[in-house]
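One letter stands for each residue in the lines below.
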Amino acid sequence: RVAVVDDLSRGRREWLHPDAELHEADVRDGDALERAIVQAAPDVVVHLAAMHFIPAVDGAPELAWDVNVNATRTLLEALAHEPPELLLFASTAAVYPDRRGPIAETCPPEPFDLYGRTKLEGERLVGEFESRTGTRCVVARIFNVIGKRETNAHVVPDLVGQLRGGSFPIRLGNLEPRRDYTDVVDVAVALERLLSLPHDVAGTFNLGSGRSVSVAELVGVCEQVLDRPFEVEVETERLRKQDRAELVADPRLLQDATGWQPTRTLQETLAELLTEPVAD
């Protein structure tokens with residue numbers, strides 16, 4: 001039995017399983033959260049709600065802190081009355097310092113931007129909740145997710161949207177940054193496996209493919225999928241004031257604990273996005 005709390009500002013009711021209960025509410029609304037929690041009486045809670053598009057976070061820092069930190073605190077306060085057996089908190093690779101090469105969970109956090117700082121504070125709140133209530137808590141530090149139903153203007157949906165719309169030349173920002181891209185279906189499977197860990201296992205796990213790809217390489221894969229080259233223009237207004245050269249996971253802890261491996265290749269995901277009809 002699954003209950004979902006969502007304000008539908010980006011999601012849609014039809015994207016949920018028909019048997020899922022929907023509580024349409026803002027995660028910052030403590031009264032609505034408490035009503036939903038009392039009704040659902042959850043054994044397991046998965047906290048995914050956040051602002052995570054970095055330009056949007058930087059453009060509205062107070063709102064981002066309210067959604068990512070204060071709402072997490074509100075949720076944990078509501079759960080404290082009847083603590084669940086397990087809480088899975090979706091954090092981010094943005095808590096890590098700016099460095100090249102695969103990053104393991106043992107790397108001391110040093111957020112590069114406001115988004116990373118908000119999620120690291122969320123991790124701290126979850127740690128306090130675990131100590132106070134005894135609820136087993138698992139933190140998933142998720143790297144870059146791509147695939148269907150993306151609702152933020154990250155580089156992959158931006159690139160795919162321009163190509164599907166026939167907009168040429170392709171206009172992008174910095175082509176050099178390297179990121180660890182994982183299909184949303186594989187990410188969902190990994191989260192599900194984290195929910196199935198033995199009862200004596202908790203802690204923090206990187207969720208990523210372990211491979212980094214540059215924006216220029218993304219363009220190259222799209223050229224392969226569509227079997228034609230594109231002209232690319234770098235637009236100054238698309239360049240971020242600060243940008244990591246690389247962000248890539250060392251996913252061995254997750255793999256060893258759950259047996260998870262990504263199954264979908266970058267080419268498969270981009271082919272799906274570029275060639276399949278867009279669903280409503």
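Model, not experiment: these values are computed from the prediction.

Asker: Residues and numbers for the overall build of the chain, please.
Answerer: Counting its secondary structure elements, the chain contains nine helices and 14 strands. Taken against the 2.2 N^0.38 rule, which gives 19 Å for 280 residues, the C-alpha radius of gyration of the chain at 19 Å falls within 12% of a compact globule. Overall size of the chain, expressed as C-alpha extent along the three principal axes, is 60 × 40 × 40 Å. Considering the chain as a whole, with its 280 residues, one finds that 44% of them fall into the buried category. The contacts of the chain with a sequence gap of at least 6 include a subset with a gap of at least 24, amounting to 79%. Just so you have it, the chain exposes about 14400 Å², and 49% of that area is on carbon and sulfur atoms. In the chain, 30 side chains carry a positive charge and 48 a negative one; their mean positions are 2 Å apart.

Asker: Give me the lowdown on the sheet that holds strand 5 (residues 102-103), citing residues and values where you can.
Answerer: The sheet built from four strands is open, its strands ordered 5-14-9-12 with mixed pairing. With partners counted over all chains shown, the strands left at the sheet margins are strand 5 and strand 12 (213-214), one partner each. As judged from the two bridges shared by strand 5 and strand 14 (residues 246-249), these two strands associate in the parallel manner. Paired with Pro 102 across the two strands is Val 248, which belongs to strand 14.

Parameters and conventions
Residues numbered from 1 in each chain as written. Predicted model: local features only at pLDDT ≥ 70, side-chain atom pairs only at ≥ 80, totals over all residues. Heavy atoms only, no water. Helix = DSSP H or I, 4+ residues; strand = E, 2+ residues; numbered from the N terminus. Rg over C-alpha atoms; globule rule 2.2 N^0.38 Å. Buried < 20%, exposed > 50% of the residue type's maximum accessible area, 1.4 Å probe, protein only. Contact = heavy atoms within 4.5 Å. Areas by Shrake-Rupley, 256 points an atom, 1.4 Å probe, with all protein chains shown as cover. Lys, Arg positive; Asp, Glu negative; His and termini not counted. Charge placed at Lys NZ, Arg CZ, Asp CG, Glu CD. Pairing = 2+ DSSP bridges.

So far we have only geometry, and geometry alone does not tell us how the molecule works.
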